[in-house]
Amino acid sequence: MEIDAGDEDGSAAADDTGFLARVRDNDLLHSFLRNRLVVVAAAVTLTFVLLSVLAPWIAPHDPYDVRTLSLLDSHTPPAWEQGGDPRFLLGTDDQGRDILSTILFGARISIAIGILSVLLAMGIGVSLGLIAGYFGGPADTVIMRIADVQLTFPAILTALLIDGVARVMLGAHQSAGGEFWILVVAIGLSYWVQYARTVRGVTLVERNKEYVQAARLIGLGPFKIMFAQVLPNVMSPVLVIATINLALAVLTEATLSFLGVGLPPTEPSLGTLIRIGNNFLMSGEYWIVIFPGIALAALVLAVNLVGDWLRDALNPKLR
Amino acid sequence: MLAFAIRRVIEAAVVMLTVALLAFVLFRFVGDPVNQMVGQDTPLEDRIRIRQELGLDDPVPVQLGRFLWGAVRFDFGISYQVKQPVAALIAERFPATIELALAAAVFAVVLGIPMGVYTGIHRDSWLSKIFLTISLIGISLPTFLIGILLIYLFAVKLGVLPSFGRGEVVAIGFWRTGLLTASGLKALILPAITLGLFQMTLVTRLVRSEMLEVLRTDYIRFARARGLASRAIHFGHALKNTLVPVITIIGLQVGALIAFAIITETVFQWPGMGLLFIQSVQNADIPVMAAYLMMVALLFVLINFIVDLLYVAVDPRIRILGGAS
């Protein structure tokens, strides 16, 4: 009894300093703070997410409130150039919309599509990977064959194709907001393969471990074992793929919108803004296209840097 | 070797058949072909007649057979949008895309390999750092943004290169080439750089890391001990051994070049297959989409097949594994 009590005291004492100490001694955090570039990249990513979430409240103008727009303000260059207007820091487009505000709202849509499509790809890929790895046999063969065929083509092509088909089937031109979900599905379905292959590989190893045998022995069903027992052990590679996938998804969405098969000008993402701005490039109005371009490139680069670091930090071989 | 080749042929055939099935489903079940072809005020009798002429009332297996037979002869019917045979449309656009992709590949290799060798040998020189920074930009900037920046710089600001189109083309048989006229060559420069920049950075990084690896090996040290000139060591011994993975990657990237040409062609209004495809997606022109899909699938399967065979032919270790299994 006394010994037990002593143990409890000891663990309680450890718990007092526990959380802070654990955070301080955490390998991941340590490696994070040591790498200055990654800290900057993470800060940039976080800023983008914050700004886009808060866009309706912090944007200097509401670019989609037609009442506040004036054609007299159109084609205004950035504030520091001759003919610039301090009300429009980064200038305005052909309809007199403030570029800074359209970027904030555009990043909001881009990030939303990015995150949703990553969640979709992750859901499909992880589930199929678990099923293929855990059951093996014909399920494994079928899933991995499909993955192989899809991997033959670049993801952007798959996304374009799904997008095109969905447009014909749903008639996206009529339904407002339809494009948003078409893009989420098209991009999500294009990137599941990476998750499935990785999760399958890890599951093949995990399913023979003792904890899985024990779970089977106490009568848990296969799906319960897969999602409650095996899943937590495959999450760290999935997290790495998801981060890099986010950068890819944002880029794919921007590319599709730029190609004119993504979001329409009434609901512009960063890619749509670049597409619109491209029309004014020849007349020298660079700000309409360059600033959304910089925002997109900075966002993608920052997320990529965080993803690269995460991959190295979570890889035990490189420690 | 032969068993390996046969297995790969069967795999390739399965991929092609899957894609063909997909294209057929697209063609037959996505949207109503008759509605897409006729105007809104076409009477019902005409619609039924067109339906029968197209054979859309036949059983699905019969239609599938007809589609596959057509696909083998590269006959995908009439484009909904421009009312011309799809095969003719693609044949017209094919040379433009191939020339663009080849120019981009040449750009990537001719610049990428020397940059990779240089950065591999002189790891810490300032020029290496500049090269690596350029390659970082090449990887993180999206293709269409690179194109826009190049247009702004060279077409708008400096006014030295055209920003769109192919320039003058010369017809050699059915192949309309832009490589023989001054304006055609000038028009090729910016699109080729835009398309090839990513592959160039890939080649640079690959050659660099392979060089670093090879330069550490014993036979290079031995070559130095024998007193060979650095030039002979670097190019005669080291570079030669980095080329196997480089060839593979370049081969596989040719497919990616053709796919990403869609973006470059849109930026520069380059009249190739990619622009045709993107217009067909915008206009729900299913026959063109299906034909492009089959075309690209065939190219990809062919390229993968050739690269696999090359790889096995070059690297004896893989041959042993392939023969054993």
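Everything in this summary refers to the structure shown in the same document. (Residues numbered from 1 in each chain as written. Chains lettered and ligands numbered in written order. Predicted model: local features only at pLDDT ≥ 70, side-chain atom pairs only at ≥ 80, totals over all residues. Heavy atoms only, no water.)

Quick notes on the overall build of chain B
- When helices and strands are counted, chain B shows 13 helices and two strands.
- Among the 325 residues that make up chain B, the fraction classed as buried is 46%.
- Counting contacts in chain B only where the partners sit at least 6 residues apart, residues at least 24 apart contribute 69% of the total.
- Of the accessible surface of chain B, which amounts to about 16100 Å², a share of 68% is contributed by carbon and sulfur atoms.
- Treating the 26 positive side-chain charges of chain B as one cloud and the 20 negative ones as another, the clouds have centres 14 Å apart. (Helix = DSSP H or I, 4+ residues; strand = E, 2+ residues; numbered from the N terminus. Buried < 20%, exposed > 50% of the residue type's maximum accessible area, 1.4 Å probe, protein only. Contact = heavy atoms within 4.5 Å. Areas by Shrake-Rupley, 256 points an atom, 1.4 Å probe, with all protein chains shown as cover. Lys, Arg positive; Asp, Glu negative; His and termini not counted. Charge placed at Lys NZ, Arg CZ, Asp CG, Glu CD.)

A few points about the packing of helix H7 (residues 143-157) of chain B against helix H10 (residues 230-268) of chain B
Residue and element names in this part refer to chain B.
- Two elements in contact, H7 and H10, have axes whose closest approach is 9 Å; the angle formed by their N-to-C orientations is 30 degrees. It follows that H7 is roughly parallel to H10 by the angle criterion. In terms of crossing hand, the pair formed by H7 and H10 is right-handed. Contacts between H7 and H10 involve Thr143, Phe144, Gly147, Ile148 and Ile151 from the first element and Phe260, Ile263, Thr264, Val267 and Phe268 from the second.
- Partitioned by chemical class, the residues of the contact of H7 with H10 number seven nonpolar, three polar and no charged. (Axes fitted to C-alpha atoms, helices over the stretch in contact; angles between N-to-C directions. Parallel < 35°, antiparallel > 145°, perpendicular 65-115°, else oblique. Left-handed = near helix turned anticlockwise from the far one by under 90°. Nonpolar A, V, L, I, M, F, W, Y, C, P; charged D, E, K, R; others polar.)

Some words on helix H12 (residues 270-278) of chain A
- Burial runs high along H12 of chain A: eight of the nine residues are buried.
- Where H12 of chain A is concerned, the buried positions are Leu270, Gly271, Thr272, Leu273, Ile274, Ile276, Gly277 and Asn278 of chain A.
- Among the structural elements, helix H5 (99-135), helix H11 (222-258) and helix H13 (287-314) of chain A together with H7 of chain B are those in contact with the buried residues of H12 of chain A.

Topic: the pattern of salt bridges
- Per the stated rule, a full pass over the model turns up seven salt bridges over all chains.
- Glu206 of chain A serves as the salt-bridge partner of Lys209 of chain A, at 3.2 Å between the closest nitrogen and oxygen.
- On the basis of relative accessible area, Lys209 of chain A is assigned to the partly exposed category, the value being 38%.
- We classify Glu206 of chain A as buried; its relative accessible area is 8%.
- Taking the shortest distance from any N to any O, the salt bridge between Asp218 of chain B and Arg221 of chain B comes out at 3.8 Å. Of this pair, Asp218 of chain B and Arg221 of chain B both sit in helix H9 (residues 218-225), three residues apart, roughly one helical turn. With respect to class, Asp218 of chain B is no different from Arg221 of chain B; both count as exposed.
- Connected via shared salt-bridge partners are Arg145, Asp148 and Arg197 of chain A. (Salt bridge = Lys/Arg side-chain N within 4 Å of Asp/Glu carboxyl O.)

Quick notes on the interface of chain B and chain A
- Taken together, the contact pairs 37 residues of chain B with 36 residues of chain A.
- Of the roughly 3100 Å² buried between chain B and chain A, counting both surfaces, carbon and sulfur atoms make up 86%.
- In terms of surface lost to chain A, no three residues of chain B exceed Phe144, Ile148 and Tyr152 of chain B, which account for 18% of the buried area on that side.
- At the junction of chain B with chain A, the criterion picks out zero salt bridges.
- Inspection of the chain B/chain A interface yields zero residue pairs in polar contact (both at pLDDT 80 or more).
- Of all the elements, helix H12 (residues 286-314) of chain B adds the most residues to the side of chain B that touches chain A, at eight residues.
- Grouping the amino acids of the side of chain B that touches chain A by side-chain chemistry returns 29 nonpolar, seven polar and one charged. (Buried area = accessible area lost by both parts, 1.4 Å probe. Polar contact = N/O pair within 3.5 Å; in protein donor to acceptor, adjacent residues only side chain to side chain.)

Some thoughts on a nonpolar patch on the surface
Residues and elements named next belong to chain A.
- Judged by side-chain polarity, Val49, Leu50, Leu51, Val53, Leu54, Trp57 and Ile58 come together as a nonpolar surface patch covering roughly 650 Å² of accessible area.
- Of all the secondary structure elements, the ones that give two or more residues to the nonpolar patch are helix H3 (36-53) and helix H4 (55-58).
- Ranked by the residues each element gives to the nonpolar patch, the list is headed by H3, at four residues.
- In this structure, Leu50 sits in helix H3. (Patch = residues over 30% accessible without salt bridge, like charges linked within 9 Å, V, L, I, M, F, W, Y side chains within 5 Å.)

Some details on the side chain of Arg166 of chain B
Residues and elements named next belong to chain B.
- The topology assignment puts Arg166 in the loop between H7 and strand S1 (170-172).
- Side-chain polar atoms of Arg166 contact the side chain of Glu99, separated by 2.8 Å.
- In contact with Arg166, other than residues within four places in its own chain, are Pro95, Ala96, Glu99, Arg176, Thr177, Gly178, Ser183, Gly184, Ala187, Trp270 and Pro271.

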